[in-house]
Amino acid sequence: MADRERKSTKWSWDIQKIPCARESLILGISSGLLVGAAVFLKTKVVRKACDYAVGTFAVLSLTSWEICSYQHYRERQKVKEAVGMLNEYERKRSQGLVDGEPTET
């Protein structure tokens, strides 16, 4: 069991296993390319275009990953809450505290 816990906490570079990573990277890369290309077409300065592209990639990737992670966290919390409510209902039902339903004998 300890080996399984160690393996689950080990860092992995497999992007498919990291929640929200794929979507965040796609958004960041595509946005960075678009902004970098737009800046280059407007200013014709490669260095400035690259700076904008990298900045846009970093900001949008991190922001979208944080938003997605928060949404996953809230979803897990709602599932835990629903499971807790169902467990409480089953406990009351087994004790005969729920009105309108026969109790198991």
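In the annotation of an unreviewed UniProt entry, the entry for the protein chain reads Cytochrome c oxidase assembly protein COX20, mitochondrial, and the organism field reads Paramuricea clavata. Its UniProt record gives the protein chain the following Sequence similarities (unreviewed entry) comment, quoted word for word: "Belongs to the COX20 family." As its UniProt record puts it under Subcellular location (unreviewed entry), the protein chain is described as follows: "Mitochondrion inner membrane".

J.: What am I meant to see in the environment of C50 here?
T.: Among the secondary structure elements, C50 is positioned in helix α3 (residues 46-94). Residue C50 is classed as partly exposed on the basis of its relative accessible area, which comes to 43%. Put simply, C50 and G36 are 14 residues apart on the chain and 5.9 Å apart in space, counted from C-alpha to C-alpha.

J.: Help me understand the side chain of S64 in this model?
T.: Relative to the helices and strands, S64 is located in helix α3. Judged by its relative accessible area of 16%, S64 falls in the buried class. There is a polar contact of 3.2 Å between the side chain of S64 and the backbone oxygen of S61. Sequence-distant contacts of S64, that is, excluding residues within four places in its chain, are made with S24 and L27.

J.: Can you walk me through the state of the cysteines in this structure?
T.: Working definition: the covalent bond between the sulfur atoms of two cysteines is a disulfide. A complete count under the given rule lists 1 disulfide for this structure. A disulfide bridge connects C20 with C68, and the sulfur atoms are separated by 2.1 Å. Across the S-S bond linking C20 and C68, the dihedral sits near -70°, which makes this disulfide left-handed. Within this pair, whereas C20 is found in the loop between α1 (2-9) and α2 (21-43), its partner C68 is found in helix α3, the two being separated by 48 residues in sequence. Taking the relative accessible area as the measure of exposure, C20 reaches 5% and is therefore buried.

Definitions and limits used
Residues numbered from 1 in each chain as written. Predicted model: local features only at pLDDT ≥ 70, side-chain atom pairs only at ≥ 80, totals over all residues. Heavy atoms only, no water. UniProt positions renumbered as here; feature names shortened; annotations may be inferred. Helix = DSSP H or I, 4+ residues; strand = E, 2+ residues; numbered from the N terminus. Buried < 20%, exposed > 50% of the residue type's maximum accessible area, 1.4 Å probe, protein only. Polar contact = N/O pair within 3.5 Å; in protein donor to acceptor, adjacent residues only side chain to side chain. Contact = heavy atoms within 4.5 Å. Disulfide = S-S within 2.5 Å.

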